[in-house]
Amino acid sequence: MAAESSNRTGAGRTALRPVDLAREVGVSTQQIRNYADAGILPPAERSPSGYRRFDTRHRAALLAYRTLARGFGWDTARAVMQAVHEGDVPRGLALIDASHAALHGRRQELQATSEALHAVASAARAADAPVSVLRIGEAARHLGLRASALRLWESAGLLKPPREPGTGYRRYGPDDVRDARMINILRQGRHPLPQIRALLDELRSTGSTRALRGVIEERRAALTRTAAAMLTGSAALHHYLSTDAPEGGLFPDA
């Protein structure tokens, strides 16, 4: 490329080649060009021979984008940087706000899941457990589920209702209803079936909810890591908007 990293460009900024930016974040030079074409980087001037002229503004935008992505994901980070470079900072900040709100919602959902699961697991029989053995249709109605869901969970090894001698009908006792209730709560929390099976196996064999508590704490720790990464990403965006963003991408006047 025509520009060397030791050259100077406008406003005292150091000129940078695509390879300089690529090496800093460990991507290809073509990826840097893709970022520029997508609006993730600010517009770049062209040399008389047609080469893009990158500088320290583009480096700051690149670092802000990559840092944002660690907390907010690549799609949101891309949309935020595109909004900034289109001069619509409020739209970019609204995307940040929406991600924080979604994270808060996941925290509330996790807390509700934790409370519900412990309430169900701590009792041998739920407060509203049936007083008699139920067939599959009756159990499904009692739980507000479809019978097909109970059959699916049984085929996956999560439920093990005994069968009536002779007829072969499934018989759902209080423990089976409790297990189905736990499965439903965990599935609503998007837990995978193998993980649910391990939790139920421990509860049945030991009566312990230790594994259940471990899953909840692991998910809570993951949300905390995401929140910390969001904070770091927001700080990187603030620095870029405050010091390096091109005209039209700065904070709007109060």
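Since the model is a prediction, treat every value here as computed from it, not as a measurement.

The rules we used
- Residues numbered from 1 in each chain as written.
- Predicted model: local features only at pLDDT ≥ 70, side-chain atom pairs only at ≥ 80, totals over all residues.
- Heavy atoms only, no water.
- Helix = DSSP H or I, 4+ residues; strand = E, 2+ residues; numbered from the N terminus.
- Buried < 20%, exposed > 50% of the residue type's maximum accessible area, 1.4 Å probe, protein only.
- Contact = heavy atoms within 4.5 Å.
- Areas by Shrake-Rupley, 256 points an atom, 1.4 Å probe, with all protein chains shown as cover.
- Phe/Tyr/Trp six-rings, centres within 6.5 Å; stacked < 30°, edge-to-face > 60°.
- Salt bridge = Lys/Arg side-chain N within 4 Å of Asp/Glu carboxyl O.
- Arc of directions from axis to C-beta.
- Pairing = 2+ DSSP bridges.
- pLDDT = per-residue confidence, 0-100.
- Core = buried A, V, L, I, M, F, W, Y, C linked by side-chain atoms within 4.5 Å.
- Axes fitted to C-alpha atoms, helices over the stretch in contact; angles between N-to-C directions.
- Parallel < 35°, antiparallel > 145°, perpendicular 65-115°, else oblique.
- Left-handed = near helix turned anticlockwise from the far one by under 90°.

Caption draft 1: Region of the structure containing the overall build of the protein. Helices and strands together make up the secondary structure of the protein, namely 10 helices and three strands. For the protein, the N- to C-terminal ordering of α and β elements is β-α-α-β-β-α-α-α-α-α-α-α-α. Across the 254 residues that make up the protein, the buried fraction comes to 42%. Here the analysis covers contacts within the protein between residues at least 6 apart in sequence; of these, 58% occur between residues at least 24 apart. Only carbon and sulfur atoms are counted for the fraction: they give 51% of the accessible area of the protein, which is about 13,600 Å².

Caption draft 2: Broad picture of the packing of aromatic side chains. Applying the stated criterion across every chain, the model contains two aromatic pairs. Ring geometry for Tyr65 against Trp74: centres 5.6 Å apart, planes inclined by 55 degrees, an arrangement best described as tilted. In this structure Tyr65 comes out as buried when scored by relative accessible area, which is 4%. On the basis of relative accessible area, Trp74 is assigned to the partly exposed category, the value being 43%. Through successive ring pairs, a cluster of aromatic residues spans Tyr35, Tyr65 and Trp74.

Caption draft 3: Spatial organisation of the pattern of salt bridges. In total, this model carries 13 salt bridges according to the counting rule given. Asp37 is the salt-bridge partner of Arg52, the closest N and O atoms lying 2.3 Å from each other. Pair noted here: Arg52 is in strand S3 (residues 52-55) and Asp37 is in helix H2 (residues 29-38), with a separation of 15 residues, a long-range link. Residue Asp37 is classed as exposed on the basis of its relative accessible area, which comes to 56%. Residue Arg178 is joined to Asp179 by a salt bridge in which the shortest nitrogen-to-oxygen separation is 2.8 Å. By relative accessible area, which is 10% here, Arg178 ends up buried. Judged by its relative accessible area of 3%, Asp179 falls in the buried class.

Caption draft 4: H2, seen in detail. Taken as a whole, H2 has its buried residues at Ile32, Tyr35 and Ala36. For H2, the buried positions fall inside an angular range of 100 degrees around the axis, keeping them on one side. Contacts made by the buried residues of H2 are with helix H1 (18-25), S3 and helix H3 (56-72). Gly39 lies just past H2 and shows a positive phi near 85 degrees.

Caption draft 5: Fine view of the sheet that holds strand S1 (residues 15-16). Pairing is antiparallel across the open sheet formed by three strands, whose spatial order is S1-S3-S2. Looking along the sheet, the strands with just one partner apiece sit at the ends: S1 and strand S2 (45-46). When S1 meets S3, the two strands line up antiparallel, connected through two bridges. What sits directly across from Leu16, in S3, is Phe54.

Caption draft 6: Highlighting the confidence of the model for the protein. Per-residue pLDDT for the protein has a mean of 84; in total, 85% of the residues score no lower than 70. Mean pLDDT across the elements of the protein bottoms out in helix H9 (residues 193-206) (78) and peaks in helix H4 (residues 74-85) (97). Note that residues 1-8 has pLDDT below 50 and, in this model, 20 contacts with residues that lie over four places away or in other chains.

Caption draft 7: Geometry of the environment of Pro194. Considering the arrangement of structural elements, one finds Pro194 in helix H9. Given a relative accessible area of 54%, Pro194 falls into the exposed group. Each C-alpha atom, one on Pro194 and one on Gly157, is 9.2 Å from the other, the two residues being 37 residues apart in sequence.

Caption draft 8: Broad picture of the nonpolar core. With 59 residues, the main nonpolar core has Leu41, Met81 and Leu150 as its most contacted residues. If we skip the residues at most four places from it in the chain, Met81 touches Gly39, Ile40, Ala61, Ala64, Tyr65, Leu68, Leu237 and Tyr240.

Caption draft 9: Local environment of the packing of H4 against helix H10 (residues 210-244). Across the interface, H4 lies against H10 with an axial gap of 12 Å and an inter-helix angle of 15 degrees. The pairing of H4 with H10 is recorded here as roughly parallel in orientation. Note that H4 runs across H10; the crossing there is right-handed. Contact residues: Val80, Met81, Val84 and His85 in H4; Leu237, Tyr240 and Leu241 in H10.

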